[in-house]
Each structure stands twice: as C-alpha cells, then as structure tokens.
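Observations on the model geometry
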Amino acid sequence: MRVVHISDLHFWHITLNPRQLLGKRLLGMSNLFLNRAWNFRMESMPALVDRIQGISPDHLLITGDLTSTALEEEFRAARRALIPLNPSAPFLSVVPGNHDRYTRESARSRLFEKYFGEFAPAPVYPWLKRLGEDVGILALDPTHPNPISARGTMTTEQIHKATELLHAAKPRPERLIVACHYPIALPAGIVEGRGHGLRGARELQAFLARESPALYCHGHIHASWAFSPQSLPRTLCLDPGAALKIRNHSGIRATMLEIILAGKGVEIRRHALRERVWNEDLMLKNKDFFDRGAPLNAN
Ligand SMILES: [Fe+2]
Ligand SMILES: [Fe+2]
C-alpha cells in the first residue's frame, strides 16, 4: 500500500473587508503581507497534484493547515485544487490544523467540516478509517482558536475516546497511522517556537507508547523529517514539510512524503520539486517496523 502525505499547504487570500479583519485575523493578514504570501506559492499546486497522480497512491493524507486565516475563500481554493485527484472518502483523509480554526467564527461555523467533512467517517474527532484489512488511520484534532498563540490542546477525553475506538475495532488495525497536526517530538537540533506547542503532549506520547507500533503523521513545523524519538522507539514521526513553501537556500518549491507499506515493513521517500524537476530520496527503510516481536531499530 502506498500513501502520500502532505501538509501545511497554507492557501491564502488577502482580504480588506473590515468585518473579516476582526481579532486574530488582523494579525494573520499582517503576517500574510509580510511573509506568507511570498513564501507559500499556490502556483506550485498543479505540479504537486501532477506528482501525486504520477505516484498513483492508494491514499492521500493531509495533516492540516490547508488555509492561512481560515477564510472561506481559502478553504474553497484548497478544495478546488484537489479536484483533479477525484477525491473520495476511500482515497482522501484530512485533519485540521490550527490555521483552519484560526478565528472563533471560523471554528464555530465549522468551515473546515463544510469543505473537508465529507472525507471523514464521523463528524467529530477522534475517528478511525480503515484503508484495508489491517491498515487504519486514527485522526485526532487538538486544534482550537487562540487569541494570540498557535497552541493546540489534546484533551484526556479525546485520548480516552481514541483508545476506546482502537479497542472496539475488530480486527484492530495492525498497521496504524495516527494523523494529528501537532508534532509530539522534534528531532535533535530543532527548537519549537514559543507558543506553538501542544498542551497534553505527554498524554498523547503515553497513548502512542501503548498503541505503537504506529506512524505518527503530522505537520505544523514546516520542515520534513522521519524519525523515532528515543522515548518512543516504535513510533515513527513523519513531517512532510509545508507542501508549497519556497526554500530559497535549497531552491525547493514543493515537498511531500511517500509512505510505502509492505508486509511488516515501511519505507519513506521524500519528493521535492526544485525549479521544474522532482527529486526523490529514501529517508528511511525498516523491514520489521510493524513486527511487535522484532528487536528495536532493526533496519
Ligand atoms: Fe502550518
Ligand atoms: Fe500549524
């Protein structure tokens, strides 16, 4: 089975409508003018969609921040950009990021659900979607509007429900993918920005320690990696990086991860667009990852 994982597309739309510029969106719009509009290039989206079609995955997973300030125009543009992929619930899974619930109004009116709810098997989180006999995506949502920060909150109640969901699943998916916007650990050398973290991260880590082996697919940090934290050796943390972000130093214009699940093994490939050429590199290969009896870190 082949899964493509993308994240943090950050479609943006600049509005000067004073009714839409109340509260936090004013901050977001200033940030758009100063940074985001120059760094997040929506014109690279057709090339990204083209590459996904070329890979021809069984499933596409998007781990949030499809928008920048949760404006309806941004949701509509993100949804429209996916049309060439013929998205359907068996093919596409989407979880929200903090930017998709940027303002109280956008969260209250459930704009994310209006545009992407059709791909979820349930109207609330957590939910579990089977991709095949023994592969399942468990989706979590710790996002909520914040007056000034980008923090999320993973509640004890959501962890409890996720545990119940997994244990009620018959058979329980042997190859588990957990999808959640926020990272639960960062690789060495990466420092979290202030006010960007996840409250309840410890409880989520404890949940993963109990339920792993699992792939933990997230976004939020805008950098790509594949690694298992020392404290969670059977959890593989995957961040594809911000899909459409321009990296001036490397010339990269778009990125995504390809996850190949074969038997008990997993292989992670990163696809990166430099100018008009896609490059692919093998980030990780572990032939025993989903084998609970295998020694740790067997490659
Ligand atoms: Fe983001
Ligand atoms: Fe985010």
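Just above sits the structure.
Report on the accompanying structure. What you see as residue numbers is a count from 1 along each chain, following the sequence as written. In the order they appear in the text, chains get letters beginning with A and ligands get numbers beginning with 1. In view of the model being predicted, local features appear only for residues whose pLDDT reaches at least 70, and side-chain atom pairs are presented and counted only at 80 or more, with totals across whole chains, interfaces and linings using the full set of residues. Derived side-chain values reflect all non-hydrogen atoms in the structure, with water molecules and hydrogen atoms excluded from consideration.

**Digging into the coordination of the iron ion (ligand 2)**
Each metal's donors are the N, O and S atoms within 2.8 Å of it, or within 3.2 Å when it is Na, K or Ca, and because water is not part of the set, sites may look incomplete. Listed as protein donors to the iron ion (ligand 2) are Asp-65 (OD), Asn-98 (OD1), His-181 (NE2) and His-220 (ND1); their distances from the metal cover 2.2 Å. Think of it this way: with four donors and all angles in the 85 to 135 degree range, the site is tetrahedral; with four or six donors, opposite ones beyond 155 degrees and the rest between 65 and 115, it is square planar or octahedral; otherwise it is irregular. Its 4 donor atoms give the iron ion (ligand 2) angles of 88 to 160° at the centre, a pattern that matches the irregular case. Donor residues binding the iron ion (ligand 2) come from one chain and are separated in sequence as D-x32-N-x82-H-x38-H. A separation of 3.4 Å is found between the iron ion (ligand 2) and the iron ion (ligand 1), both of which receive a donor from Asp-65. On the criterion of sequence distance, the pair formed by Asp-65 in the loop between strand 2 (59-62) and helix 3 (72-81) and His-220 in the loop between strand 9 (214-217) and strand 10 (224-227) is long-range, its members being 155 residues apart. Only DSSP runs of H or I covering at least 4 residues are called helices, and only runs of E covering at least 2 are called strands; the numbering of each starts at the N terminus.

**Things to note about the coordination of the iron ion (ligand 1)**
At the metal site, the iron ion (ligand 1) is ligated by Asp-8 (OD), His-10 (NE2), Asp-65 (OD) and His-222 (NE2), and these contacts range over 2.1 to 2.3 Å. Here the iron ion (ligand 1) is ringed by 4 donor atoms whose angles at the metal span 88 to 174°, and the overall shape comes out irregular. Mapped onto the sequence, the residues coordinating the iron ion (ligand 1) show the spacing D-x1-H-x54-D-x156-H. Given a relative accessible area of 18%, His-222 falls into the buried group. Summary of the burial criterion: residues with accessible area below 20% of their type's maximum are buried, those above 50% are exposed, and those between are partly exposed, where the area comes from a 1.4 Å probe applied to protein chains only.

**Considering unusual backbone geometry**
Each neighbour pair has its own omega, and for Tyr-125 with Pro-126 the value is 0°, a cis peptide bond. The residue Pro-126 is located in the loop between helix 5 (111-116) and strand 4 (127-132) in this model. A cis amide bond links Ser-212 to the next residue, Pro-213, at an omega of 15°. Even without a glycine there, the phi angle at Asn-86 is positive, about 50°. As for its position among the elements, Asn-86 is in the loop between helix 3 and strand 3 (92-94).

**Things to note about the nonpolar core**
Here the nonpolar core consists of buried residues drawn from Ala, Val, Leu, Ile, Met, Phe, Trp, Tyr and Cys, with membership extended through side-chain atoms lying within 4.5 Å. In terms of nonpolar packing, the biggest core is built from 58 residues, with Ile-6, Leu-48, Leu-60, Phe-116, Leu-215 and Val-266 touching the most fellow members. Any two residues having at least one pair of non-hydrogen atoms within 4.5 Å are treated as being in contact. When near neighbours in sequence (up to four residues on either side) are disregarded, Leu-48 contacts Ile-6, Ala-243, Leu-244, Ala-254, Thr-255, Met-256 and Trp-278. Listed in part, the 25 residues of the second largest apolar core include Met-154, Ala-185, Leu-208 and Cys-237.

**Quick notes on the sheet that holds strand 7 (residues 175-179)**
Being paired, for any two strands, means DSSP has found at least two bridges between them. Strands sit in the order 4-5-7-9-11-10 across an open sheet of 6 strands; the sheet is mixed. Each edge of the open sheet carries a strand with a single partner, namely strand 4 and strand 10. Across the sheet, the mean angle from the axis of one strand to that of its neighbour is 20°, orientation sign disregarded. Where strand 4 and strand 5 (residues 135-139) come together, 5 bridges link them in antiparallel fashion. Paired with Leu-128 across the strands is Leu-138, a residue of strand 5. Convention adopted: a line fitted to C-alpha atoms gives each axis, helices being fitted over their contacting stretch, and angles between N-to-C directions are expressed from 0 to 180 degrees.

The analysis is restricted to geometry; functional conclusions fall outside its scope.
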